[in-house]
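Here is how the chains run, residue by residue.
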Amino acid sequence: MQGLARDSRKCVCCEQAVVVNRVGDTSAMTYAEDQPVPLVGVHQVLVKNQFAGLNFIDTYHRSGLYKRDLPFILGGDGGGEIAAVGSGVTGWNVGDKVAYMADGSYAEYTAVSVGKLVKVPEQVDLKNAIAAMVQGLTAHYLVTSAHCGLIQEGEWCLIYSVGSGTGQWAAQMAKLRGYKVIGTCSAAKEEMGKTVGCDELILLDSPEGKSYADYASTDLAAKIMEITNNVGCKCVIDGIGKSTWEISLKVLARRGIWISFGNASGVVPDFSPLKLAVKSAFLTRPKLGDYVASREELDGRWSEVVDWITTGKLAMSIDRVFPLAEAAEGHKYIESGQTKGKTLFQL
Ligand SMILES: NC(=O)c1ccc[n+]([C@@H]2O[C@H](COP(=O)([O-])OP(=O)(O)OC[C@H]3O[C@@H](n4cnc5c(N)ncnc54)[C@H](OP(=O)(O)O)[C@@H]3O)[C@@H](O)[C@H]2O)c1
């Protein structure tokens, strides 16, 4: 291994890490200063993190909605500098500025397989590069691949929460792909929602004391059918889940596709496939890992996203940066539905 010197007599520890020893609410997270620096395996590098991304999935891992073996270090994306290079690695060097998707990013050091790593070009700010990892690449596969070609240029695409992280990216990218976009967001995020270029933006009230949209506050399906002249949307990009799934089905065009990619409001309940027969509709429930599974696919998506950023076609927004020691505050912030862009932890 090249890089980080190790003294085999001493434990080399991360100065900071956020560990989950039991699943539950934000109190299940422990801020630790004694976690060992991970061992760097074959075809891996060790990244000294400057930032870790906060994603909704982190809350699912913490709460136990998505099962993990305990204990574990939280986090799914981050970035910084390569501190050490494992055996079998070529083309990556100590000191390279990188971003990645890998478990365990809420820590000073993370071991990352090179297949999950990208170089951050000089002209791209590291914070923006990390935003472009889970949220940016997710938006990219949603508008590019997950719809299986069932939407064409000039057809309607509905995207919820366009004032938030993934939704903002998806709306801008859907416009770059030539779709007509209906976006929704809570009225509290109006300013942000207006910047992403939707053809139609629908603002929704929030439930009492909450910051996210109340999908029961208006007949959203009727509004969308009116906008689309009763044709409906060829593609619905839905990361909200429990509060929106019935609306998503109602507003699909004939042979349209509902991409159910998240559970911000809770999990979609079981339902009969006969509900799809009404429109001969398609349903997919994708995840990012399956759309960046090969080096070529990751590089292809990354280079297009970087090109859009550097040519000014894609606007970035970093919402909040919390110190890692305030991981619980970050989780409360994202779960309260307040996020208006990427939220990061600084190390
Ligand atoms: N499958 C994948 O590959 C993949 C990858 C990344 C993310 N995701 C999913 O995408 C979704 C969004 O993630 P993100 O990182 O973009 O999060 P984010 O930036 O925090 O945005 C989440 C937005 O969802 C809305 N929301 C939050 N809580 C809600 C609730 N209880 N009821 C209704 N709406 C609520 C809010 O928007 P409004 O104010 O507009 O309501 C909030 O700003 C999550 O479900 C996440 O799991 C999936």
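Scoring rules and cut-offs
Residues numbered from 1 in each chain as written. Predicted model: local features only at pLDDT ≥ 70, side-chain atom pairs only at ≥ 80, totals over all residues. Heavy atoms only, no water. Pairing = 2+ DSSP bridges. Helix = DSSP H or I, 4+ residues; strand = E, 2+ residues; numbered from the N terminus. Axes fitted to C-alpha atoms, helices over the stretch in contact; angles between N-to-C directions. Contact = heavy atoms within 4.5 Å. pLDDT = per-residue confidence, 0-100. Parallel < 35°, antiparallel > 145°, perpendicular 65-115°, else oblique. Near = heavy atom within 4 Å. Polar contact = N/O pair within 3.5 Å; in protein donor to acceptor, adjacent residues only side chain to side chain. Areas by Shrake-Rupley, 256 points an atom, 1.4 Å probe, with all protein chains shown as cover.

1. A short note on the sheet that holds strand E16 (residues 252–260)
The strand order across the open sheet formed by six strands is E14-E13-E12-E15-E16-E17, and the pairing between neighbours is parallel. Only two strands of the sheet have a single neighbouring strand rather than two, namely strand E14 (200–204) and strand E17 (282–284). Sheet twist, expressed as the mean angle between neighbouring strand axes with direction ignored, is 15°. Sheet analysis places strand E15 (residues 233–238) next to E16, joined by five bridges and oriented parallel. Within E16, the position partnered with Val236 by the bridge is Trp258. Where helix H5 (residues 220–227) meets the sheet, its contacts fall on strand E12 (156–159), strand E13 (180–186), E14 and E15, and the angle it forms with E14 comes to roughly 165°.

2. A short note on the confidence of the model for the chain
Scored by pLDDT, the chain comes out at a mean of 95, with 97% of its residues at no less than 70. Long-range and interchain partners of residues 5–9, a stretch whose pLDDT sits below 50, account for five contacts in this model, where long-range means more than four residues apart.

3. Thoughts on the packing of helix H2 (residues 126–144) against helix H8 (residues 295–310)
Interhelical geometry of H2 versus H8 gives an angle of 105° and a closest axis separation of 10 Å. Taken together, the axes of H2 and H8 are roughly perpendicular relative to one another. Mapping the contact onto sequence places Ala129, Ala132, Met133, Gly136, Leu137, His140, Tyr141 and Thr144 in H2 and Leu298, Arg301, Trp302, Glu304, Val305, Trp308 and Ile309 in H8.

4. Points about the site of the ligand
Lining the immediate environment of the ligand, one finds 30 residues, of which Tyr141, Ser164, Ser186, Lys189 and Thr339 sit closest. Here an oxygen atom of the ligand and a backbone polar atom of Asn263 are 3.0 Å apart. Separating an oxygen atom of the ligand from a backbone N or O atom of Ala264 is a distance of 3.2 Å. Notes on the ligand: free accessible area 920 Å², of which the protein chains cover 93%.

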